[in-house]
Amino acid sequence: MKLGKTPLTERIHRVFYEDLVLHPEATLRRICAFIDEKFEDQMLQWQGKADNAVPVRERKFHSGLGKDMSPSDVSRWKREMTSREIFVAEALIGTQLSHFGYERRYRGKLWSPFLAVTRIYCRKILPVVGLQRRVSGFVGRRLQRLIN
């Protein structure tokens, strides 16, 4: 998803998770400036308020919202995702990862054909054989473990 220079470019403000976790005040100040909103210190005091903001029926999906942000959460994928999970993720979203400046484990040209085959398999074959639900359940459970 390359935006480049479009009429919408000036209306988009990218916020990286790493910046929000490692430099929350500076990041929130930039967001506030972008949306022309006054920064308030209480914006940094969100702990304990998430339960009231999320409807009861959706809390199981947002269970990590009440937790404190920790620098150890940055790059947690390197410690917790298996090589196979990283490979599949890079096959599906590797271009976007590179575009936004994220490192890739499988970036060499020798990996390109394997990534392409994996991408085709995940997008074309899995849905046809009815495994899409199983894969999304697996990915969802895996992401939930990463979030918690």
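To be clear, the structure that these remarks concern was listed above.
Since this is a predicted model, take the numbers as computed values, not measurements.

Concerning the overall build of the protein chain
Phase 1: Assigned secondary structure in the protein chain consists of seven helices and zero strands.
Phase 2: Starting at the N terminus and ending at the C terminus, the protein chain contains elements arranged as α-α-α-α-α-α-α.
Phase 3: The C-alpha atoms of the protein chain give a radius of gyration of 19 Å, which is well past the 15 Å a tight globule of 148 residues would have.
Phase 4: A total of 148 residues make up the protein chain; the buried ones form 16% of that total.
Phase 5: Sequence-distant contacts, at least 24 apart, represent 49% of the contacts inside the protein chain between residues at least 6 apart.
Phase 6: With an accessible surface of roughly 11,500 Å², the protein chain has 58% of that area assigned to carbon and sulfur atoms.
Phase 7: One finds the centroid of the 28 positive side-chain charges in the protein chain at a distance of 12 Å from the centroid of its 16 negative side-chain charges.

Looking at a nonpolar patch on the surface
Phase 1: Taken together, the side chains of Tyr121, Ile125, Val128 and Val129 present a nonpolar region at the surface, about 390 Å² in accessible area.
Phase 2: Relative to the helices and strands, Val128 is located in helix α6 (residues 112-128).
Phase 3: Classification of Val128 as exposed rests on a relative accessible area of 69%.

Observations regarding the nonpolar core
Phase 1: Within the largest apolar cluster, five residues are counted, these being Ile86, Phe87, Ala91, Tyr106 and Leu115.
Phase 2: The greatest single-element share of this core, amounting to three residues, is contributed by helix α5 (residues 83-99).
Phase 3: For Leu115, the residues in contact, after removing those within four places along its chain, are Phe87, Glu90, Ala91, Arg104 and Tyr106.

Regarding α5
Phase 1: A maximum bend of about 80° is found in α5 at Ile93.
Phase 2: For α5, the full list of buried residues reads Glu85, Ile86, Phe87, Glu90, Ala91 and Gly94.

Details of the packing of aromatic side chains
Phase 1: Summed over the entire model, instances satisfying the criterion amount to six aromatic pairs.
Phase 2: Look at Phe87 and Trp111: their rings are 5.8 Å apart centre to centre, the planes differ by 65°, and that puts the pair in the edge-to-face class. Taken together, the residues Phe87 in helix α5 and Trp111 in the loop between α5 and α6 connect sequence positions 24 residues apart.
Phase 3: Each ring, one from Tyr106 and one from Trp111, has its centre 4.7 Å from the other, and the planes form 80°; the classification is edge-to-face.
Phase 4: For Tyr106, a relative accessible area of 10% translates into the label buried.
Phase 5: In this structure Trp111 comes out as partly exposed when scored by relative accessible area, which is 35%.

Focus on unusual backbone geometry
Phase 1: A positive phi angle is found at Asp36, which is not glycine, with a value near 60°.
Phase 2: Tracing the chain through its elements places Asp36 in the loop between α2 (24-34) and α3 (50-53).

What counts and how
- Residues numbered from 1 in each chain as written.
- Predicted model: local features only at pLDDT ≥ 70, side-chain atom pairs only at ≥ 80, totals over all residues.
- Heavy atoms only, no water.
- Helix = DSSP H or I, 4+ residues; strand = E, 2+ residues; numbered from the N terminus.
- Rg over C-alpha atoms; globule rule 2.2 N^0.38 Å.
- Buried < 20%, exposed > 50% of the residue type's maximum accessible area, 1.4 Å probe, protein only.
- Contact = heavy atoms within 4.5 Å.
- Areas by Shrake-Rupley, 256 points an atom, 1.4 Å probe, with all protein chains shown as cover.
- Lys, Arg positive; Asp, Glu negative; His and termini not counted.
- Charge placed at Lys NZ, Arg CZ, Asp CG, Glu CD.
- Patch = residues over 30% accessible without salt bridge, like charges linked within 9 Å, V, L, I, M, F, W, Y side chains within 5 Å.
- Salt bridge = Lys/Arg side-chain N within 4 Å of Asp/Glu carboxyl O.
- Core = buried A, V, L, I, M, F, W, Y, C linked by side-chain atoms within 4.5 Å.
- Bend = angle between axes of the 7 residues up to and from the residue.
- Phe/Tyr/Trp six-rings, centres within 6.5 Å; stacked < 30°, edge-to-face > 60°.

Remember, this is a structural readout, not a statement about activity or role.
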